[in-house]
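What the coordinates show
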Amino acid sequence: MEVISYNSPRCCNLNRRLVVKKSSSRQQVKIPLCRKHRILCTRVQFRSGSLGLPNKHHLFLKNVYHGKGSRPFKALEGFNNVDPKVLSGNYNGYVIGSEDEMGRMSETGQSVTKVLIPGLPDESNGECGARISSCFWQWKPKFNVHYEKSGAENVNSPPLLFLPGFGVGSFHYENQLKDLGREYRVWAIDFLGQGMSLPFEDPTSPSREEGITEGKDFLWGFGDKTEPWANGLVYSMDLWRDQVIGEPVYIVGNSLGGFVALYFAACNPQLVKGVTLLNATPFWGFFPNPIKSPRLARIFSWSGTFPLPENVRKLTEFVWQKISDPESIADVLRQVYADHSVNVDKVFSHILETTQHPAAAASFASIMFAPQGELSFREALSRCHMNNVPICLMYGKEDPWVKPVWGRQVKKQVPEAPYYEISPAGHCPHDEVPEVVNYLLRGWIKNLESEGAVGLPLLDDMEMESIQNNITRDLEFVKEGSKKSVMVRFLGSKFSLWNLIKSSLKSRFGKLETKSP
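What comes next concerns the included structure.

Parameters and conventions
- Residues numbered from 1 in each chain as written.
- Predicted model: local features only at pLDDT ≥ 70, side-chain atom pairs only at ≥ 80, totals over all residues.
- Heavy atoms only, no water.
- Helix = DSSP H or I, 4+ residues; strand = E, 2+ residues; numbered from the N terminus.
- Buried < 20%, exposed > 50% of the residue type's maximum accessible area, 1.4 Å probe, protein only.
- Pairing = 2+ DSSP bridges.
- Phe/Tyr/Trp six-rings, centres within 6.5 Å; stacked < 30°, edge-to-face > 60°.
- Lys NZ or Arg CZ within 6 Å of the ring centre and 35° of its normal.
- 1 Å grid on protein atoms, 1.4 Å probe; cavity = no way out; pocket = protein on both sides within 12 Å on 5 of 7 lines; lining within 4 Å.
- Points joined across faces, edges and corners; volume = space filled by probe spheres on them.
- Nonpolar A, V, L, I, M, F, W, Y, C, P; charged D, E, K, R; others polar.
- Axes fitted to C-alpha atoms, helices over the stretch in contact; angles between N-to-C directions.
- Parallel < 35°, antiparallel > 145°, perpendicular 65-115°, else oblique.
- Left-handed = near helix turned anticlockwise from the far one by under 90°.
- Contact = heavy atoms within 4.5 Å.

This paragraph deals with unusual backbone geometry. Along the chain, F306 connects to P307 via a cis peptide bond; the corresponding omega equals 0°. Tracing the backbone shows P307 in the loop between α5 (294-297) and α6 (310-323). Although it is not a glycine, N388 sits at a positive phi angle of roughly 60°. Following the sequence through the fold, N388 ends up in the loop between α10 (377-386) and β10 (391-396). Notably, L458 is not glycine yet its phi reads approximately 80°, a positive angle. Inspection of the secondary structure assignment puts L458 in the loop between α13 (434-449) and α14 (464-467).

Listed below in structure tokens is the structure:
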């Protein structure tokens, strides 16, 4: 057994150690709750607020209040069933094994090393997480950007900036702000037009047309004339790119935020110490960019500016009623979170509250009709590569939207970038398994800050030849008093899709040969 020390931030008085054990045991995961039986878990009781079977009749909303300055929603109660995918093992479900069984096989057929990593700060046991402050700053007149910060006292530590995905905001990075803020300076922002960065006043003058529908006068952006401060306003990639400014920083982005992080780094490499992509969307926008394709852009009569045209207003009202419905929000969360035991009450409440903002519907329409950025994802990635901007890739394997194939395409274009594939994890690995993402992020930053003196996470004891190939680890940590295990695959510089396919076929046929008499 190899023991690796782990030093926790000084404020939390933790004494943790990383334990690495190697085993030839196949397809077994150590679960401390059951030591003797070797059966698949067939009955799991999730706590209130977690996601189970998509039974819409179990959704209840309590204390729904539309006032300002509060977050009163307590929702998603009663989800206590089990998703059939968990029961069937489609998420690489846990197999209950004996106490001494410490390993399992990866998809390539090789033994998986188990690594114990720290969990999140447990305030119930006296471990203090970093204090989070909620702030606004005026980027331009009438453009107020909301952000959250932590770790301001860590003046000599590297700064980290987190960019959210579409439809969410800085609240989605609470686990990073509390944990990483203990040793770094950490910020998370809301993009303009989303979260709490929606405007404080109507970008258009009130509509005076006859026969407006009930409640329509509460929808900002549906007026007759644009207010002077909102002339030319469109919630687009270019606006979000320009919104991200400051000192040299490590940028981490999930989904849409990943694309914006890469886009910003491509245009401002001097302000970026490194980019981490968390299931980054590889494309955004349906309409041509007016600078890049001026002739083609002129074909489309509206490009996301205010006020909304009459035909777009009607379409927006219809679509917005559908997607802002609480059950629709819950359905989306069920799709993107592979682990349905993750508590999403806070995420659900924040999203639902944002939909109540009078500017939310028109802002959504502006985002959907906004033109593409001046650079495509591939162009931004190429420019970052050319400017030697360090890139790290972390992708949830079970993401139904940005599947791992997109991350592997990025890896193919930037072969030296470390690639970590996490399972089970979906579209939001930073919220599903923040312990794993925070651990990998810390290690990657330390590797860069030390100029390679500190090895990449999970690879400290590996020879260079091994680092160039694929390596699999089981990361185990304590979550809410119980041990949890997540498999992480590292793809080295010799990675190729063809080699991955060959190793998978070899593994499958090898298993068949082993089972045959």
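Moving on, we come to the environment of T472. Checked against the element boundaries, T472 lands in strand β12 (residues 470-479). Separated by 50 residues in the primary sequence, T472 and I422 have C-alpha atoms spaced 9.9 Å apart.

Along β12, seven of the 10 residues are buried, which leaves the element largely enclosed by surrounding structure. As defined by bridge partners, strand β3 (residues 113-116) adjoins β12 across four bridges and the pair is classed as parallel. Its bridge partner being in β12, V115 is matched across the sheet by L475. Examined bridge by bridge, β12 and strand β13 (residues 482-491) share 10 bridges and lie antiparallel to one another. Paired with D474 across the strands is M487, a residue of β13. The turn joining β12 and β13, which pair antiparallel and follow one another in sequence, is formed by two residues; a positive phi near 55° is taken by E480.

What follows is about the packing of aromatic side chains. Tallied over the full model, the rule gives 18 aromatic pairs. Ring centres of F136 and F200 lie 5.6 Å apart, and the angle between their planes is 70°; on these two criteria the pair is classed as edge-to-face. Here the residue F136 occupies a position in strand β4 (residues 133-140), and F200 occupies one in the loop between β7 (185-189) and α3 (237-243), the gap between them amounting to 64 residues. Of the aromatic side chains, those joined through ring pairs into one cluster are F166, W284, W320 and F364. In this structure, K140 is placed above the aromatic ring of W139, and the distance from its NZ or CZ to the ring centre is 4.5 Å.

Here the largest pocket is characterised by a volume of approximately 1,100 Å³. Lining the largest pocket are 40 residues; nearest its centre among them are F166, G167, W284, V332 and W401. For the lining of the largest pocket, the secondary-structure elements that each account for two or more residues are α6, α7 (326-336), α8 (345-355) and α9 (360-369). For the lining of the largest pocket, the residue count by class is 24 nonpolar, 16 polar and no charged.

Look at helix α4 (residues 256-267) against α10: their axes get within 8 Å of each other, and the N-to-C directions meet at 50°. Comparing the axis directions of α4 and α10 gives the class oblique. In this structure, the crossing between α4 and α10 has a hand that is left-handed. Contacts between α4 and α10 involve F259, L262, Y263, A265 and A266 from the first element and F377, A380, L381, R383 and C384 from the second. Looking at the contact of α4 with α10 residue by residue, the classes come out as nine nonpolar, no polar and one charged.

On to α9. In an α-helix there are 3.6 residues to a turn, and that puts residues three or four apart on one side. Burial within α9 is extensive, with eight of its 10 residues counted as buried. Listed in full, the buried residues belonging to α9 are A360, A361, A362, S363, F364, A365, S366 and I367. Packing partners of the buried residues in α9 comprise α3, α6 and α8.

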